[in-house]
Amino acid sequence: MPRALVIVLDSVGIGAAEDAGAYGDEVPDVGSDTLGHIVEACRDGRGDKAGLRAGPLALPNLARLGIGLAHASSTGRAAPLADLVPPPGGPVAAHGYAVETSAGKDTPSGHYEIMGCPMPVALGVFPTTQPAFPKALTDALIARAGLPGILGNRHANGMAIIEDCAAEHIRTGAPICYTSADSVFQIAAHEEHFGLERLYAVCVIARELCDAYNVGRVIARPFLGSPETGFVRTGNRKDYALPPPADTLLDVLTREGRTC
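How each quantity is defined
Residues numbered from 1 in each chain as written. Predicted model: local features only at pLDDT ≥ 70, side-chain atom pairs only at ≥ 80, totals over all residues. Heavy atoms only, no water. Helix = DSSP H or I, 4+ residues; strand = E, 2+ residues; numbered from the N terminus. Buried < 20%, exposed > 50% of the residue type's maximum accessible area, 1.4 Å probe, protein only. Contact = heavy atoms within 4.5 Å. Areas by Shrake-Rupley, 256 points an atom, 1.4 Å probe, with all protein chains shown as cover. Lys, Arg positive; Asp, Glu negative; His and termini not counted. Charge placed at Lys NZ, Arg CZ, Asp CG, Glu CD. Core = buried A, V, L, I, M, F, W, Y, C linked by side-chain atoms within 4.5 Å. Phe/Tyr/Trp six-rings, centres within 6.5 Å; stacked < 30°, edge-to-face > 60°. Expected span 1.5 Å × (residues − 1). Bend = angle between axes of the 7 residues up to and from the residue. Salt bridge = Lys/Arg side-chain N within 4 Å of Asp/Glu carboxyl O.

What should I look at first to understand the overall build of the chain in this one?
Helix and strand counts for the chain stand at eight helices and six strands. Secondary structure elements of the chain, listed N to C terminal, follow the sequence α-α-α-α-α-β-α-β-β-α-β-β-β-α. A principal-axis box enclosing the C-alpha atoms of the chain has dimensions of 65 × 50 × 40 Å. Looking at the chain residue by residue over its 260 residues, the buried ones come to 38%. Within the chain, counting contacts between residues at least 6 apart in sequence, those at least 24 apart form 55% of the total. Accessible area of the chain: about 14,500 Å², with a carbon and sulfur share of 56%. For the chain, the separation between the mean place of its 21 positive charges and that of its 29 negative charges on side chains is 4 Å.

In structure tokens, the structure reads:
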């Protein structure tokens, strides 16, 4: 039976879609092109990391499959970037690029569209103001989850806000809630002081409350550590995603009795 393996490289774009400017991604005179910019940065030495990597970007297997040709087609280049040129004889796979039809910019809608279910309406995002979350949402979360309050309540980098708020979180028991440019409500809590299962339970409540705001994901962000030793996120992250609005390819195959 034929099989397909889908590999998703989140945020590794190969050029700008026509609506890139609607989401603040379009850089004047340059354009969104994550892969191309990574190639350029590595050539310049800006991708060098002591003990990890150095020099130009090397993607021999993806280049052999044709990623350089797909990148050139998407960006309108006459030829692939030198670092992405396929070997002599041409690519060993079919190649191309797709332009998303779903509204909005977020991980779940991209995944759903890959599986044949475009999202017709953009998912909700929270404003960059502080506080970022509607008071009705946080008040309901605090009441239903039995919380002493929440910390953060702003757009933030995950580790940065944990480092800022972790000591107070441990002292008060209030979880750290934050968001980003994506459609997410993220909740960070200490696995030992707050409890992993309790964090998951709070996220289940938050998922239900966030449905009214059409938020794509509620994400549990557990961490460990102390102010003295520093903090680190663990591998027990859990995402609570908004279900797709219609059947995906996986639903169709399941009904047909085929293995997914």
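Sorry if this is basic, but what is going on with the nonpolar core here?
As a rule of thumb, soluble globular proteins bury nonpolar side chains together. Residues L141, F185, I187 and V218 are the most contacted members of the largest nonpolar core, which totals 26 residues. Among the secondary structure elements, those contributing two or more residues to this core are α5 (135-145), β3 (184-190), α7 (191-210) and β4 (217-226). Considering each element in turn, this core owes the most residues, ten residues, to α7. By size, the runner-up hydrophobic cluster in this structure holds eleven residues, among which are L151, I161, I176 and A188.

What is the right way to look at the packing of aromatic side chains in this model?
Geometrically, a pair of aromatic rings is defined through the distance of the ring centres and the angle of the planes. What the rule picks out here adds up to four aromatic pairs. Relative to F133, the ring of F126 has its centre 4.8 Å away and its plane inclined at 90 degrees; by these criteria the two rings are edge-to-face. Arranged with centres 4.3 Å apart and planes meeting at 35 degrees, the rings of F133 and F185 form a pair that is tilted. Remark: F185 occurs in strand β3 and F133 occurs in the loop between α4 (107-114) and α5; sequence separation between them is 52 residues. Assessed through its relative accessible area of 4%, F133 is described here as buried. An aromatic cluster of at least three residues, connected via ring pairs, comprises F126, F133 and F185.

What is the right way to read α7 from this model?
Since the α-helix packs 3.6 residues into each turn, any two residues three or four apart lie on the same face. Across its 20 residues, α7 extends only 23 Å between first and last C-alpha, which sits more than 12% below the 28 Å expected from 1.5 Å per residue. Along α7, the helix axis deviates most sharply at R198, where the bend reaches about 55 degrees.

Is there a simple way to explain the pattern of salt bridges in this structure?
Side chains carrying opposite charge are able to pair once their charged atoms draw close together. Overall, the coordinates contain 13 salt bridges when judged by the stated rule. Residue E208 is joined to R144 by a salt bridge in which the shortest nitrogen-to-oxygen separation is 3.2 Å. Highlighted residues: E208 in helix α7 and R144 in helix α5, separated in sequence by 64 residues. The residue D164 makes a salt bridge to R154 at a minimum N-O spacing of 3.3 Å. Of this pair, D164 sits in helix α6 (residues 158-172) while R154 sits in strand β1 (residues 151-155), and the two are ten residues apart along the sequence. Here the salt bridges do not stand alone but share partners, grouping R217, R237 and D239 into one network.

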